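Take a look at the letters that make up each chain.
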Amino acid sequence: MSLVLTEKRDTTGIITLNNIAKRNALSEALISEITAALNGFRALNIRAVVLRAPPGVKVWSAGHDISELPDRGRDPLGFNDPLRILIRAIQEFPAPVIALIEGGVWGGGCEVAMACDMLVATPEATFAITPAKLGIPYNLGGVLTLLNMIPLPVAKEMLFTAQPIPAEQALNLGIINYIQPAAQIEAFVLAMTARISANSPLSIAVMKEELRLLSSAHAISPELFERMQGARRIVYDSDDYQEGLDAFRAKRQPQFSGK
Ligand code: YZS
């Protein structure tokens, strides 16, 4: 069974995350189907992509597939982790990718949505960034994606509390572009992609790449990078990291010791 559905409407490509039973958890298999769909769209004259879940879902994506996270001792969010590959595929796709959000967006699912170029959500949508709930040391690139989208105090609140924020707050903060009722959201987003498709794809592609390069242009010294990696290693080597994984697998609340 395909984990994503793909559709071409004129010059808009639509990718629908379709693993509802697992709440569209971002497994390696699901991610490879999304990246394959994006590569397929590159070969066609696609001028805008919509990334969505089926209409009416309660969960847009439950984030990284926790069952695929490594036990302690290995970086859970290394450069070649499927989630990191997907984030880069969205950011480097040469046309705008619009996230059409219904339902809850969790963990790495928030980073996937926020790696998109624009977000349109229903009023019921929520956004929760949850590494702290699992004892996971988010990676520098992921934190930068979030920092480019969320004002610092709110990014800290979302990362430290792991609690969802509602679509209205995300709209007020400029994290999402529009809120639309579920009955109108698809037509609204397709009208936006039609406007984009009428403009110069070459001009849009180069401006998207300029914005990506400038927003990720942060001078980090080797010493600083190694210091951060060392700090992250202490976390993914910790009892707490293992406890977060074990608790999710056992469907119980984690008890973090700080060790
Ligand atoms: O028991 P079965 O086999 O039916 O499977 C259950 C869940 O185990 C599964 N599932 C997941 N599997 C792997 N990874 C996940 N993230 C994940 N989420 C859910 O889907 C089946 C249905 O799940 P239920 O919990 O029964 O569904 P429901 O009661 O509707 O609750 C939906 C939510 C999304 C609220 C609930 O599943 C949930 O809290 N999931 C975990 C959300 C989360 O914490 N995601 C963050 C994952 N971590 C990351 O993305 C990053 C690494 S980080 O942590 O750094 O942000």
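First things first, this report covers the structure right here in the doc. (Residues numbered from 1 in each chain as written. Predicted model: local features only at pLDDT ≥ 70, side-chain atom pairs only at ≥ 80, totals over all residues. Heavy atoms only, no water.)

A few points about the overall build of the chain
And then number 1: Looking only at helices and strands, the chain features 11 helices and 10 strands.
And then number 2: The C-alpha radius of gyration computed for the chain amounts to 18 Å, which stays within 12% of the reference 18 Å derived for 259 residues, consistent with globular compactness.
And then number 3: Overall, the chain is about 55 × 40 × 35 Å in size when its C-alpha atoms are taken along their principal axes.
And then number 4: Counting only residues that meet the buried cut, the chain has 47% of its 259 residues in that class.
And then number 5: Long-range pairs, those at least 24 residues apart, make up 73% of the contacts in the chain between residues at least 6 apart in sequence.
And then number 6: Surface exposure of the chain reaches about 12,600 Å², of which carbon and sulfur atoms provide 58%.
And then number 7: Positive and negative side-chain charges of the chain, numbering 24 and 26 respectively, have mean locations separated by a distance of 1 Å. (Helix = DSSP H or I, 4+ residues; strand = E, 2+ residues; numbered from the N terminus. Rg over C-alpha atoms; globule rule 2.2 N^0.38 Å. Buried < 20%, exposed > 50% of the residue type's maximum accessible area, 1.4 Å probe, protein only. Contact = heavy atoms within 4.5 Å. Areas by Shrake-Rupley, 256 points an atom, 1.4 Å probe, with all protein chains shown as cover. Lys, Arg positive; Asp, Glu negative; His and termini not counted. Charge placed at Lys NZ, Arg CZ, Asp CG, Glu CD.)

Focus: the sheet that holds strand β4 (residues 59-61)
And then number 1: If you trace the four strands from one edge of the open sheet to the other, you get β4-β6-β8-β9, paired in mixed fashion. Where the open sheet ends on each side, the last strands, each with one partner, are β4 and β9 (165-166).
And then number 2: Bridging between β4 and strand β6 (residues 104-106) involves two bridges; their strand directions are parallel. Directly across from Ser 61, in β6, lies its bridge partner Val 105.
And then number 3: Against the sheet, helix α3 (residues 108-115) contacts β4, β6 and β8 (126-128), and its axis sits at roughly 105 degrees relative to β6. (Pairing = 2+ DSSP bridges. Axes fitted to C-alpha atoms, helices over the stretch in contact; angles between N-to-C directions.)

Notes on helix α8 (residues 182-197)
And then number 1: With 16 residues, α8 should cover 22 Å at 1.5 Å per step; its first-to-last C-alpha distance of 23 Å lies within 8% of that length.
And then number 2: Of the positions making up α8, those classed as buried are Ile 185, Val 189, Leu 190, Met 192, Thr 193, Ile 196 and Ser 197. The arc that holds the buried residues of α8, viewed along the axis, is 155 degrees, so those residues lie on one side. Of the exposed residues in α8, the ones pointing more than 90 degrees away from its buried face are Ala 183 and Ala 187. (Expected span 1.5 Å × (residues − 1). Arc of directions from axis to C-beta.)

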